[in-house]
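# Topology and contacts: notes
Listed here are the chains, written in short residue letters.
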Amino acid sequence: MERREEQPGAAGAGAAPALDFTVENVEKALHQLYYDPNIENKNLAQKWLMQAQASPQAWHFSWQLLQPDKVPEIQYFGASALHIKISRYWSDIPTDQYESLKAQLFTQITRFASGSKIVLTRLCVALASLALSMMPDAWPCAVADMVRLFQAEDSPVDSQGRCLALLELLTVLPEEFQTSRLPQYRKSLVRTSLAVECGAVFPLLEQLLQQPSSPSCVRQKVLKCFSSWVQLEVPLQDCEALIQAAFAALQDSELFDSSVEAIVNAISQPDAQRYVNTLLKLIPLVLGLQDQLRQAVQNGDMETSHGICRIAVALGENHSRALLDQVEHWQSFLALVNMIMFCTGIPGHFPVNETTSSLTLTFWYTLQDDILSFEAEKQAVYQQVYRPVYFQLVDVLLHKAQFPSDEEYGFWSSDEKEQFRIYRVDISDTLMYVYEMLGAELLSNLYDKLGRLLTSSEEPYSWQVPPSLIPSALPDLSPPPPQPSQWHPLPQHTEALLYGFQSIAETIDVNYSDVVPGLIGLIPRISISNVQLADTVMFTIGALSEWLADHPVMINSVLPLVLHALGNPELSISSVSTLKKICRECKYDLPPYAANIVAVSQDVLMKQIHKTSQCMWLMQALGFLLSALQVEEILKNLHSLISPYIQQLEKLAEEIPNPSNKLAIVHILGLLSNLFTTLDVSHHEDDHEGPELRKLPVPQGPNPVVVVLQQVFQLIQKVLSKWLNDAQVVEAVCAIFEKSVKTLLDDFAPMVPQLCEMLGRMYSTIPQASALDLTRQLVHIFAHEPAHFPPIEALFLLVTSVTLTLFQQGPRDHPDIVDSFMQLLAQALKRKPDLFLCERLDVKAVFQCAVLALKFPEAPTVKASCGFFTELLPRCGEVEPVGKVVQEDGRMLLIAVLEAIGGQASRSLMDCFADILFALNKHCFSLLSVWIKEALQAPGFPSARLSPEQKDTFSQQILRERVNKRRVKEMVKEFTLLCRGLHGTDYTADY
């Protein structure tokens, strides 16, 4: 590793001279860090202290800072500095000093056994790091030696203090191993060594945990130590005695949390499933916690119920497959499943009254997956056992998904409401998943319950069955008979059942379900008395929109409900999104309702009932709706719909620009933009044609969107004339045309000349990225059409000329424009390389500007520039000006790429630069072979850390690889690490 401590930076104000890392200066800097009220001074002090910790002087001042007369904050820094030196700069320590360092650390730990606990922990971490670096060769029995040394009777520290210090050391040792920066081969060796050393730890822990004289603080430390060691994947059978002792300790409230953590960590080891006999012994221990669980639930003890649930779920979730395989033990596993069911249905509302039920949801996924993964015969047996369990689970989940009463819900905090919303989404996902196990019978089950709830004049049957914990005998696998209900059909009950339907219908194809017609018939009968129920009714209708498209006769049953809900601001999101879904899926069946939908929508838009985003969705819905009408009808509806906005826009265009009318202008332009996004009267020839999509011409005449755009074009230009300086307004104008172009494709053709002219004027006056993005869309769709090439070419040349001028003035303040410009150039090369044949295009200047853009600090701009070059280089042979400029200036490009790889650009961008190198090698091999050798001959280029041999190897590797782009990327990644002095260090772990 590079010894960066040799060149520490400048000290912070008031700290100390840069290289004078003395005890006194360190103490001054620590005082400044802790007590100086000035945040800037604190930051400078912290930076200086980090340099001090890494410096060679740290070996000297660390021990002095641990002196008894120092305060704990200073002692802690000394211990931390020792840990950093040992863990990060191990190679700096001579081997003949290992034993001396070990002895000093043992002495300090013994001294601090009766001192500051935070300093003791840090010293233990330092010794643990030392042990890991020395194991197994230089210190083969490290753990056994630690135990022996701390058990020595000649120590000045009392036995309990020594015991706690030893346990702290043994606890942090596996933790330090998990976070250590050991190379992979060393990590494997040390892991094996620690697994052997386990034999010196577990007997001691068992003895301390089981002997009655052990004080509570020692027993708690034992449990934490055990919890730490089991994460080293110790064989589960070796942990049996300690796990049983941890179960016994669950009865002690002081030890409960530590016991839960230890048991869960032991059970959750990935390797534990190999020890089936041990797992089977654990099931009775878990089931034995049920009385404690019931008692905790009755007493409202959320922490205890939460902990016991964690243990049950850990066993069930991690080992369901292994335990299901033990067919002769199916009853005990079913008892565990029922216990987890109890945890799922634990009384109270999440997250206010309980936080346990959410832990169990993943278990039900895992159990279902494991059951369905068996061969057919075994699966059929388990289906018979577990289908009733999963039907019961649906009842429990819908009960848990119920909202509290409106009064109670009103007292919940916004954070609690958000957690409950997320919890309901998790329940929804679980119900959708359970459908795979239960199939159409699940929908029938929900429909029957909803039907009884809404139509029965008698008291309805209960659909929430309190789950039992363990069957007293073999379970009766037939569905339980209905039990008299203790509740009345409140809106919360109806809402929960509908929520179940919605959860399934949103993701599962219910088009062939025989219960959906009945459900659609029931929905109008629901007495909607609160917002949550109304919302769910809306979302349920939205989830069934595809079904409505196949059964259009039923649209009239639910559409009035949706239109009525549009007028309620509390139902804004649900009603607007549902109308949008219906208009998208059922548009060809909506013409009879179009006038009513437009009228209601227009009314709520004028009344400003909805927020901006919902207004945009509503316009998209209307775009879908109008798409299915005749052109005359579309134009008539468009006139009534947008005339008020056009009038308002005309008025705003006359006013002096100010923040208030700017918001109104952007809002109106946004409405038009969203309307034109979905208003599409053409039909795709083939839905699978991909990006080269083409449409059939409109049979009825001119496209309505084009007609409207031509009518408002002058008005938009007028608005622009006053707002050209405002990027938001310009962006909103460009969005109208950009979305229209994307939707209409060739149908937009009549607008191309005037739009090109307008864009040219806009960009010439004040260059903006949004204008370049729209130009790119026009190039993409129309540049290959001979009729449209002249205006496209003129616009392309104009924006290029203006942008090149911008580069001369200094482009650093406009990274967004440079980014969009590079994307435009790449698109031009991809779609119409002939644009680069024009004599008026200064290809050399474009090339040089793109090289400059490679050096921008903004990653998106650099990526766009790299994308331009990867499109340009393959055209060296076919486009003469491109070939000429690459021959003349290609060396400049290579130098910029090598500088970036050498350390000037972020490592995250190396793949992009590798793409350029690959393209140069593939398309300009003879030139690259000369350039790269010349460039790398320069001393210190692209990095002073490289040897001539490393540079030569890199150039040879690159020149040899002209086929495998992935291999070139790997070469570049390795080379950039060498350039930065990071090759073979911990910093490359995630790279």
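Criteria and cut-off values
Residues numbered from 1 in each chain as written. Predicted model: local features only at pLDDT ≥ 70, side-chain atom pairs only at ≥ 80, totals over all residues. Heavy atoms only, no water. Helix = DSSP H or I, 4+ residues; strand = E, 2+ residues; numbered from the N terminus. Buried < 20%, exposed > 50% of the residue type's maximum accessible area, 1.4 Å probe, protein only. pLDDT = per-residue confidence, 0-100. Contact = heavy atoms within 4.5 Å. UniProt positions renumbered as here; feature names shortened; annotations may be inferred. Phe/Tyr/Trp six-rings, centres within 6.5 Å; stacked < 30°, edge-to-face > 60°. Lys NZ or Arg CZ within 6 Å of the ring centre and 35° of its normal. Core = buried A, V, L, I, M, F, W, Y, C linked by side-chain atoms within 4.5 Å. Expected span 1.5 Å × (residues − 1).

Cis rather than trans, the peptide bond between M135 and P136 has omega equal to -10°. Note that P136 resides in the loop between α6 (117–134) and α7 (142–150). Cis geometry is adopted by the peptide bond preceding P942, which originates at F941 and carries an omega value of -5°. Summarising the element assignment, P942 is placed in the loop between α42 (925–937) and α43 (948–960). One non-glycine residue, E233, lies in the positive phi region at around 60°. With respect to the helices and strands, the residue E233 is situated in the loop between α10 (216–230) and α11 (240–249). Residues other than glycine seldom take positive phi values, yet Q608 does so here, at roughly 55°. By the secondary structure assignment, Q608 is in the loop between α28 (594–606) and α29 (612–627). Under the relative-accessibility criterion, Q608 is labelled exposed at 67%.

Moving on: the confidence of the model for the chain. Counting all residues, the mean pLDDT for the chain is 88, and 91% of those residues have values of 70 or more. Here residues 1–18 is a poorly scored stretch, pLDDT under 50, and it has 45 contacts once near neighbours within four places are set aside; other chains count. In the model, residues 459–488 has pLDDT below 50 throughout and makes 59 contacts with residues more than four positions away in sequence or in other chains.

With that settled, the discussion passes to the UniProt feature "domain: Importin N-terminal" (unreviewed entry) in the chain. In this structure's numbering, the residues bearing the UniProt feature "domain: Importin N-terminal" (unreviewed entry) are residues 45–111. Across residues 45–111 one finds 73% helix and 0% strand; the C-alpha atoms that close the span lie 29 Å apart.

Quick look at the packing of aromatic side chains now. The geometry of an aromatic ring pair is captured by the separation of the ring centres together with the interplanar angle, meaning the angle of the planes. A complete count under the given rule lists 24 aromatic pairs for this structure. Where Y34 meets Y35, the ring centres are 6.3 Å apart and the plane angle is 55°; that geometry is what we call tilted. Under the relative-accessibility criterion, Y35 is labelled exposed at 53%. Pairing F374 with Y382 gives two aromatic rings, centres 5.6 Å apart and planes at 25°, and the pair type is stacked. Through a chain of ring-to-ring contacts, the aromatic side chains of F350, F403, Y409, W412, F420 and Y423 assemble into a single cluster. It is R812 that lies over the ring of F856; its NZ or CZ is 4.6 Å from the centre. Against the face of F789 rests K832, its NZ or CZ located 5.4 Å from the ring centre.

One finds W229, Y386, F737, F748, F836 and F913 to be the most contacted residues of the largest nonpolar core, which totals 338 residues. Every residue in contact with F737, bar those within four places of it in the chain, is listed here: L709, F713, I716, F748, M751, L755, M758 and L774. In this structure, V23, W48, F77 and A81 belong to the second largest nonpolar core, which totals 14 residues.

Moving on, we get to helix α16 (residues 330–344). With 15 residues, α16 should reach 21 Å at 1.5 Å per residue; the first-to-last C-alpha distance of 21 Å fits that figure. Counting buried positions along α16 yields twelve of 15 residues, so the element is predominantly enclosed. Of the positions making up α16, those classed as buried are F333, L334, A335, L336, V337, N338, M339, I340, M341, F342, C343 and T344. Buried residues belonging to α16 abut α13 (276–287), α14 (290–298), α15 (302–324), α17 (361–372) and α18 (376–401).

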